[in-house]
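Residue strings, one per chain:
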Amino acid sequence: MFSEEQIQRYSRHIILKEVGGKGQKRLLDGKVLIIGAGGLGAPIALYLAAAGVGTIGIADADEVDLSNLQRQVIHFTPDVGKLKVESAREKMVAINPDVSVRTYAEWVSAANIGAIIADYDFVIDGTDNFAAKFLINDACVLAGKPYSHGGILQFDGQTMTVVPGASPCYRCIFPAPPPKDAIPSCSQAGVIGVLPGVIGTIQATEALKFLLKKGDLLTGRLLTYSALRMKFREVPLRRNANCPVCGDNPTITEAVDELDALNVCDLERK
Amino acid sequence: MDLTVNGKPATIDGKEAVNVTTLLVELKVPQAEYVTVELNGEILLRGDFDTTQVREGDGVEFLYFMGGGN
């Protein structure tokens, strides 16, 4: 049962009829993996830790750079040069010592992703490149693992939740990654610092709802956000029979690295 | 003909139907070579753009890759 301190810490959750003591226990028993400890990963990790998600995995091989701090709010100025997963872990356990943080200081690839996601209830894509986004989609669909997709650029963001077998996946909309360097990355095109806060917080909300088994997940619709116009739009989606991973005749039957989707900076980092 | 494009009304003058390739040109869709097109709720195969007709009253969504996160 809960300690006195936990009852106090989670009182604003426990008072919600959709959460209660039972829901809070579900969060504490929950395991969520965040891939990417950057713009999207920062608010996701902070909010999931604060909410008391009991086991949080966080994967990223990068180190904190001064240019990250304009938006990656989990990293502070003295963290520059430190591994992002280590910097993130320190803040998460400082917010909430109930949380067990597992760090993976590595890039996800076809070789390791299956083993990394296996132990988690829900996966969140907070990565910054198409190779990783397609890999996460494929690995989660093939493993039947629900996950949240998120993407941001400049002043725009999009997110959707995928429940494999029950809802359309990322490849239902985008069957293959764009050619490398066809679509600019945040480092090339810029990103307004608050944008990942909006999209990441929605992704964290989906993880909490999934663990709580409450409400309606963001499945079967792509939510798009324009910060400049301050508009949200929802595009209804259906499963695509031609989807290469979850369609009627899938051509992707195991996780593969989309080497053509790696951009130059990814290759330098690997 | 009148269409709904990305949730907003749009008009293509003087035509009753156009294929998707032409529609992308008529509407000056940015990054047309990478856009995903959803017609009345169905995602179209790129190879079907020339043969798929868009008609009066149809709903079209253009969906874009967004690869950032960091």
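Please refer to the structure higher up on the page.
Now for a quick tour of the structure.

Rules used in this analysis
- Residues numbered from 1 in each chain as written.
- Chains lettered and ligands numbered in written order.
- Predicted model: local features only at pLDDT ≥ 70, side-chain atom pairs only at ≥ 80, totals over all residues.
- Helix = DSSP H or I, 4+ residues; strand = E, 2+ residues; numbered from the N terminus.
- Buried ≥ 20, exposed ≤ 12 C-beta atoms within 10 Å, placed from the backbone.
- Contact = placed C-beta atoms within 7 Å.
- Nonpolar A, V, L, I, M, F, W, Y, C, P; charged D, E, K, R; others polar.
- Right-handed = clockwise from strand over helix to strand, strands pointing away.
- Pairing = 2+ DSSP bridges.
- Expected span 1.5 Å × (residues − 1).
- Axes fitted to C-alpha atoms, helices over the stretch in contact; angles between N-to-C directions.
- Parallel < 35°, antiparallel > 145°, perpendicular 65-115°, else oblique.
- Left-handed = near helix turned anticlockwise from the far one by under 90°.

1. Some words on the overall build of chain B
- Counting secondary structure elements, chain B contains one helix and seven strands.
- Within chain B, the fraction of its 70 residues that count as buried is 23%.
- Within chain B, contacts between residues separated by at least 24 positions form 58% of all contacts whose residues are at least 6 apart in sequence.

2. Describing the interface of chain B and chain A
- Of the residues lining the interface, 16 residues belong to chain B; the matching set on chain A comes to 33 residues.
- Mapped by element, the contributors of at least two residues to the side of chain B that touches chain A are strand S4 (36-39), strand S5 (42-43) and strand S7 (59-63) of chain B.
- Within the side of chain B that touches chain A, the residues separate by chemical class into six nonpolar, seven polar and three charged.

3. What to know about unusual backbone geometry
- In this structure, A:Lys213 takes a positive phi of about 60° despite not being glycine.
- Of note in this structure, B:Gln31 is not a glycine but carries a positive phi near 50°.
- Tracing the chain through its elements places B:Gln31 in the loop between helix H1 (20-26) and S4.
- Classification of B:Gln31 as partly exposed rests on a count of 13 C-beta atoms within 10 Å.

4. Examining the pairing of strand S5 (residues 147-153) of chain A
All names here are of chain A.
- Within S5, seven of the seven residues are buried, which leaves it mostly tucked inside the rest of the structure.
- What you see with S5 is no split at all: Tyr147, His149, Gly151 and Leu153 on one side and Ser148, Gly150 and Ile152 on the other are buried throughout.
- The parallel pair strand S4 (residues 122-125) and S5 is bridged by helix H7 (residues 130-143), and the resulting crossover is right-handed.
- Looking at chain direction, S5 and strand S6 (residues 156-162) are connected through seven bridges and run antiparallel. The residue bridging glycine 151 from the neighbouring strand is glutamine 158, located in S6.

5. Overview of helix H10 (residues 195-212) of chain A
Residues and elements named next belong to chain A.
- For H10, built from 18 residues, the straight-helix expectation of 26 Å at 1.5 Å per residue is met to within 8% by its first-to-last C-alpha distance of 26 Å.
- Of all 18 residues in H10, 14 are buried, a share of seventy percent or more.
- Lysine 213 sits one or two residues past H10 and shows a positive phi near 60°.

6. Here we look at the sheet that holds S6(A)
Residues and elements named next belong to chain A.
- Spatial ordering of the open sheet is given by S3-S2-S1-S4-S5-S6-S7-S8, a layout of eight strands whose pairing is mixed. Of all the strands in the sheet, the pair left with one neighbour each is strand S3 (100-104) and strand S8 (231-236). If you compare each strand with its neighbour and ignore which way they point, the axes differ by 15° on average.
- Bridge count for strand S2 (residues 55-59) against S3 is five bridges, and the pairing is parallel. Each residue of the ladder has a partner; that of isoleucine 58, found in S3, is threonine 103.
- Across the face of the sheet, helix H4 (residues 41-51) comes into contact with strand S1 (31-35), S2 and S4 while running at roughly 165° to S2.

7. Details of the packing of helix H3 (residues 20-29) of chain A against H10(A)
Residue and element names in this part refer to chain A.
- In the contact formed by H3 and H10, the axes pass within 8 Å of each other and the chain directions differ by 115°. Taken together, the axis directions place H3 and H10 in an arrangement best described as roughly perpendicular. Judged by the sense of rotation from one axis to the other, the crossing of H3 with H10 is right-handed. Packed against H3, whose contacting residues are Gly23, Arg26 and Leu27, the element H10 presents Leu208, Leu211 and Leu212 at the interface.
- The residue makeup of the contact of H3 with H10, split by class, is four nonpolar, one polar and one charged.

8. Some details on helix H5 (residues 84-95) of chain A
Residue and element names in this part refer to chain A.
- When the terminal C-alpha atoms of H5 are compared, their 17 Å separation across 12 residues agrees well with the 16 Å that a helix rising 1.5 Å per residue should span.
- Residues Lys84, Val85, Ser87, Ala88, Arg89 and Met92 constitute the buried set of H5.
- Packed against the buried residues of H5 are H4, S2 and S3.

9. Details of the sheet that holds S4(B)
All names here are of chain B.
- Sheet architecture is open: five strands sit in the order S2-S1-S7-S4-S5, paired in mixed fashion. A single partner strand is all that each edge strand has here, and the edge strands are strand S2 (8-11) and S5.
- Two strands pair when backbone bridges link them, and S4 and S5 are joined in this way by two bridges, in the antiparallel orientation. Paired with leucine 39 across the two strands is glutamate 42, which belongs to S5.

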